[in-house]
There are 2 protein chains.
Amino acid sequence: MFSKACEYGIRASIFIAIKSRSDIRVSLKDIARETDSPVSFTAKILQRLVKNNIIDSLKGPNGGFEIKKSKAGKIRLSHIVNAIDGDSIYKKCGLGFRNCNNKKPCPLHYKFTVVRENLRKMLEETTLLELSEDIERGQSFLKIN
Amino acid sequence: MFSKACEYGIRASIFIAIKSRSDIRVSLKDIARETDSPVSFTAKILQRLVKNNIIDSLKGPNGGFEIKKSKAGKIRLSHIVNAIDGDSIYKKCGLGFRNCNNKKPCPLHYKFTVVRENLRKMLEETTLLELSEDIERGQSFLKIN
DNA sequence: TTAATAAAGGACATATTTATCCGTTATTAA
DNA sequence: TTAATAACGGATAAATATGTCCTTTATTAA
Ligand code: FES
Ligand code: FES
């Protein structure tokens, strides 16, 4: 579904959002450890998220990554997915044809677009804030096993 | 969403199903041409579909691939996807964690499983027969642009 | 001003997916 | 029985995704 990069990116963003709620800036190492992600690979992904203005970063001692409190409620999963995997997940034909549209639909088109739209809506409706809150309430977990 | 192999596999299966409705056995070359797929790669995928008893093959002159008429209505997209991509699409955690279950859900779990189930149902409900019929009625197309 | 810290970024390494090539095997028709 | 045909299957190649390493740059605190 999502690329590994995207998976790590979402995990990292959620972790940063949680910590930022208590004004704690987190380092690359912390993020990688707490989200079970490879350190160096995560570094690249975080750079991309910074460039896309999803997370903020600060160099030097006491530096690290953060998400301004006021921002977490506005960041949607779709923003992260878009920054890392692009918009192919919303637009690509299920059978891999170049164009996907109602004009010349592939055999899967109508059934597939329903599923795709379902996914799109879910990603567009879900904010980092709400995911962080779930975790803080113990209803979900950022590290499994 | 699906691997390229799976995309080609679905395309090929639909094409074979259509031709088999008029008792025409099709060759690898025909399939590749009519579904815009790479010949040699498609060969491998067809082998896998044969082994999984989804399509039938016959060597030698007048040989080729076919799907017994009585079978097309019973073959579901899920069978093809399962044969090529396995069941990861139905089971894998959206954030890439090893186990996905309600016991220890990741932050995306509940929202993601809805989408995933949606996809699973679609694939399990859709038969090759109905996709072939859509094409024959001119409602969808197996070759685009 | 200096030393320590932490992200940024480029080059490189590995794994997986996608794709090709070619000899072998089975089948058919002449 | 022979020649032609078409799938089968193994080896290999190319492309992409995943992951590492190391040097540079910015920031901070002493
Ligand atoms: S054309 Fe294939 S999903 Fe739309
Ligand atoms: S645990 Fe992540 S989707 Fe179920």
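Residues numbered from 1 in each chain as written. Chains lettered and ligands numbered in written order. Predicted model: local features only at pLDDT ≥ 70, side-chain atom pairs only at ≥ 80, totals over all residues. Heavy atoms only, no water.

A. Structural view of the protein's contact with DNA strand C. Neighbouring DNA strand C are 25 residues, the closest being A:Lys44, A:Gln47, A:Ser57, B:Pro38 and B:Pro61. Sugar plus phosphate, as a fraction of atoms of DNA strand C within 4 Å of the protein: 61%. Contact distances for DNA strand C include 2.9 Å between a base nitrogen and a side-chain N or O atom of A:Gln47. Within the contact set of DNA strand C, a sugar or linking oxygen lies 3.2 Å away from a backbone nitrogen or oxygen of A:Gly60. For the surface near DNA strand C, the secondary structure elements donating two or more residues are helix 3 (39–51), strand 1 (56–58) and strand 2 (64–66) of chain A together with helix 1 (4–21) and helix 3 (39–51) of chain B. (Near = heavy atom within 4 Å. Polar contact = N/O pair within 3.5 Å; in protein donor to acceptor, adjacent residues only side chain to side chain. Helix = DSSP H or I, 4+ residues; strand = E, 2+ residues; numbered from the N terminus.)

B. Seen up close, the layout of surface pockets. Of the pockets and cavities examined, the largest pocket occupies roughly 200 Å³. If you trace the largest pocket, you find it lined by A:Ser27, A:Leu28, A:Ala43, A:Leu46, A:Gln47, A:Val50, A:Ser57, A:Leu58, A:Lys59, A:Gly64 and A:Phe65. Among the elements of the structure, helix 3, strand 1 and strand 2 of chain A are those that each provide at least two residues to the lining of the largest pocket. When grouped by side-chain class, the residues that make up the lining of the largest pocket number six nonpolar, four polar and one charged. As for the second largest pocket, its lining consists of A:Met1, A:Phe2, A:Glu7, B:Met1, B:Ser3, B:Asp85, B:Ser88, B:Ile89, B:Lys92, B:Cys93, B:Gly94 and B:Phe112. Grouping the amino acids of the lining of the second largest pocket by side-chain chemistry returns six nonpolar, three polar and three charged. (1 Å grid on protein atoms, 1.4 Å probe; cavity = no way out; pocket = protein on both sides within 12 Å on 5 of 7 lines; lining within 4 Å. Points joined across faces, edges and corners; volume = space filled by probe spheres on them. Nonpolar A, V, L, I, M, F, W, Y, C, P; charged D, E, K, R; others polar.)

C. Examining the relation of the copies chain A and chain B more closely. Rotating chain A by 180 degrees about the axis while translating it 0.0 Å along that axis superimposes it on chain B, leaving an RMSD of 0.0 Å. Such values leave the two copies arranged in the relation of a two-fold axis. When C-alpha positions in chain A are compared against the rotation axis, the closest is assigned to A:Met1, at 2.5 Å. (Least-squares fit on C-alpha atoms with pLDDT ≥ 70 in both.)

D. Broad picture of the interface of chain A and chain B. With 41 residues of chain A in contact, the opposing surface of chain B contributes 41 residues. Summed over both partners, the interface of chain A with chain B comes to about 3900 Å²; 65% of that surface belongs to carbon and sulfur atoms. Broken down residue by residue, the surface that chain A buries against chain B is led by A:Met1, A:Pro107 and A:Ile144, which jointly contribute 17%. As a salt-bridge pair, B:Glu130 and A:Lys111 come within 3.0 Å of each other at their nearest N and O atoms. Where chain A packs against chain B, one counts eight residue pairs in polar contact (both at pLDDT 80 or more). Listing elements by their share of the side of chain A that touches chain B, those giving two or more residues are helix 1 (4–20), helix 7 (109–125) and helix 8 (128–136) of chain A. Here the side of chain A that touches chain B is composed, by residue class, of 23 nonpolar, nine polar and nine charged. (Contact = heavy atoms within 4.5 Å. Buried area = accessible area lost by both parts, 1.4 Å probe. Salt bridge = Lys/Arg side-chain N within 4 Å of Asp/Glu carboxyl O.)

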